[in-house]
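In case you want the letters, here they are:
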Amino acid sequence: MNKTIYKGEELVRLLTGRRILLAGYGREGKSSEKLIRLLLPQANITIAEGNEQIQQEAEKNYDLIIKSPGIPTFVFEGHCDLNTITSQTDLFLQVYAPQTIGVTGTKGKSTTTNLIATAMQLHNPHTLMAGNMGIPLFDIVDQIDKDTPIVAEFSCHQLENIHRAPHTAILLNLFEEHLDHYHSYVDYQMAKLQIALHQQAGDHFFFCEDNCTLNQLVAQHRASIKGTITPYSLHSPMAQNLRHHPSHLQGDHNLSNIVVARLATQDWGVDDSTFDQALSLFHGLEHRLEEVGTFKGITFFNDSISTIPAACIAAITSLQRVDTVILGGFDRGIDYAPLVAFIQHQPLRNIVLIGKAGQRIGTMIHQSGIDNHRNILYENDYEKIIPWCFEHTASDHICLLSPAAASYDAFKNFEQRGSTFKELVKRYGNN
């Protein structure tokens, strides 16, 4: 075993003598194999990719199935003992949970994680950040020592099989999302709540009581949460104070993220002046209400991360001068009634509708009668959408990409969608 890995012997204990199946071999699967081979060169590891191969292998009675986040748990149902399923996140937290701040929620995870990490790194330069934003947790273990704080972003997929939760756990909000990976919305909610249910006495759980679904869920399971529970709200004195602090993050949804970042970092000894410095330094993340620039009198915003109605509503509310919005994409059956009702009372003059989700939104808009006196374009080609937006958006107003839908019908991911939008805006805007 490589002696330089802090608590490496605990990881070895979890893995020794096990027949291991790596289910999925993307970035995280490869990261898992690399660390296991380093710690246990003779480990018995089998790799399976694709649902069919994974199911075939799962039936061979492995001691440990390390599931990648992209593989739904229901793929294993009827093919193995579900208690044998673990994940890189689960193994990592069983060892390093006491020094971890974990952030999850339907929206705002990456922004909150990065803001917390910015403040923590000013307070303690040895702070590390990893997780769902694209840095596998096992990739940082050789940098950890006993005094290393770890700030980690967790998706629902990463949390659903954990046995130990982070010392500081944050659950930002809950909205309908990832319904293609779960039997029900309740199952999705419970996957998120694992970040609180597996804490120990002395741990700390923060949740936003402004989110009704989340507030009700915590109330239902409060007796099972061993950590100290702290609700936070936009209506608190801290929120009103932070509202007036210099920040590049716009909107109440981001103010809520700032509030919990302040609360969490207080627990770790970050003082007010250090947090204020972090808040002024932090410019937000790409594809998250990102200002692309002003071209021909029109300001363009890239909010491609918006894959649910609540995110789009928050973006329009934050910016206020939106004249054109681009909606739609891959349709996962999410309820768009709240978004259509919201649009009904907005001065939006131009609406672009993309993909099957856009078609469904368009049908609901037509049925509601709010398509009168609005320009509506049904189009899937961004090469045609962007010139239309330049033609129809009023000067001194905003054109917003906030699709409220996934991107998988036309793009690899939301990042590619956002990058395409930005590239075309700059190309046509500079002509």
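Structure's up top.
Rules and cut-offs
- Residues numbered from 1 in each chain as written.
- Predicted model: local features only at pLDDT ≥ 70, side-chain atom pairs only at ≥ 80, totals over all residues.
- Heavy atoms only, no water.
- Helix = DSSP H or I, 4+ residues; strand = E, 2+ residues; numbered from the N terminus.
- Rg over C-alpha atoms; globule rule 2.2 N^0.38 Å.
- Buried < 20%, exposed > 50% of the residue type's maximum accessible area, 1.4 Å probe, protein only.
- Areas by Shrake-Rupley, 256 points an atom, 1.4 Å probe, with all protein chains shown as cover.
- Pairing = 2+ DSSP bridges.
- Axes fitted to C-alpha atoms, helices over the stretch in contact; angles between N-to-C directions.
- Contact = heavy atoms within 4.5 Å.
- Arc of directions from axis to C-beta.

With that settled, the discussion passes to the overall build of the protein. Scanning the protein from N- to C-terminus turns up 16 helices and 16 strands. Against the 2.2 N^0.38 benchmark of 22 Å for 431 residues, the protein shows a C-alpha radius of gyration of 23 Å, consistent with a compact globule. Along the three orthogonal principal directions, the C-alpha set of the protein runs to about 70 × 55 × 45 Å. Residues counted as buried form 56% of the 431 residues belonging to the protein. A total accessible area of about 17,900 Å² is found for the protein, and carbon and sulfur atoms account for 48% of it.

On to the environment of Asp63. Secondary-structure assignment places Asp63 in the loop between α3 (51-58) and β3 (64-67). Residue class for Asp63 comes out partly exposed when judged on its relative accessible area of 35%. As for Asp63 and Ile20, which are separated by 43 residues in sequence, their C-alpha atoms are 6.2 Å apart.

Attention now moves to the sheet that holds strand β14 (residues 350-354). Strands pair in a sheet through their backbones, by hydrogen bonds, and they do so in one of two ways: parallel or antiparallel. Strand order across the open sheet formed by six strands is β11-β12-β16-β13-β14-β15, with mixed pairing between neighbours. Only two strands of the sheet have a single partner each, and these edge strands are β11 (290-295) and β15 (375-378). Neighbouring strand axes in the sheet, compared pairwise and without regard to direction, differ in orientation by 15 degrees on average. As defined by bridge partners, strand β13 (residues 322-328) adjoins strand β16 (residues 398-401) across four bridges and the pair is classed as parallel. Within β16, the residue paired with Val322 across the bridge is Ile398. Taken strand by strand, helix α12 (residues 309-319) contacts β12 (298-302), β13 and β16, and its axis lies near 170 degrees from that of β13. Packing against the sheet, helix α16 (residues 414-429) makes contact with β11, β12, β13 and β16, and its axis sits at approximately 15 degrees to β11.

Next up on the list: α3. Every buried residue belonging to α3 is among Ile54, Glu57 and Ala58, and all of these are buried. The buried residues of α3 occupy an angular sector of 100 degrees when the element is viewed end-on, so they sit on one face. If you follow the buried residues of α3, they end up packed against β1 (19-23), β2 (44-48) and β3.

That's the geometry; what it means functionally is another story.
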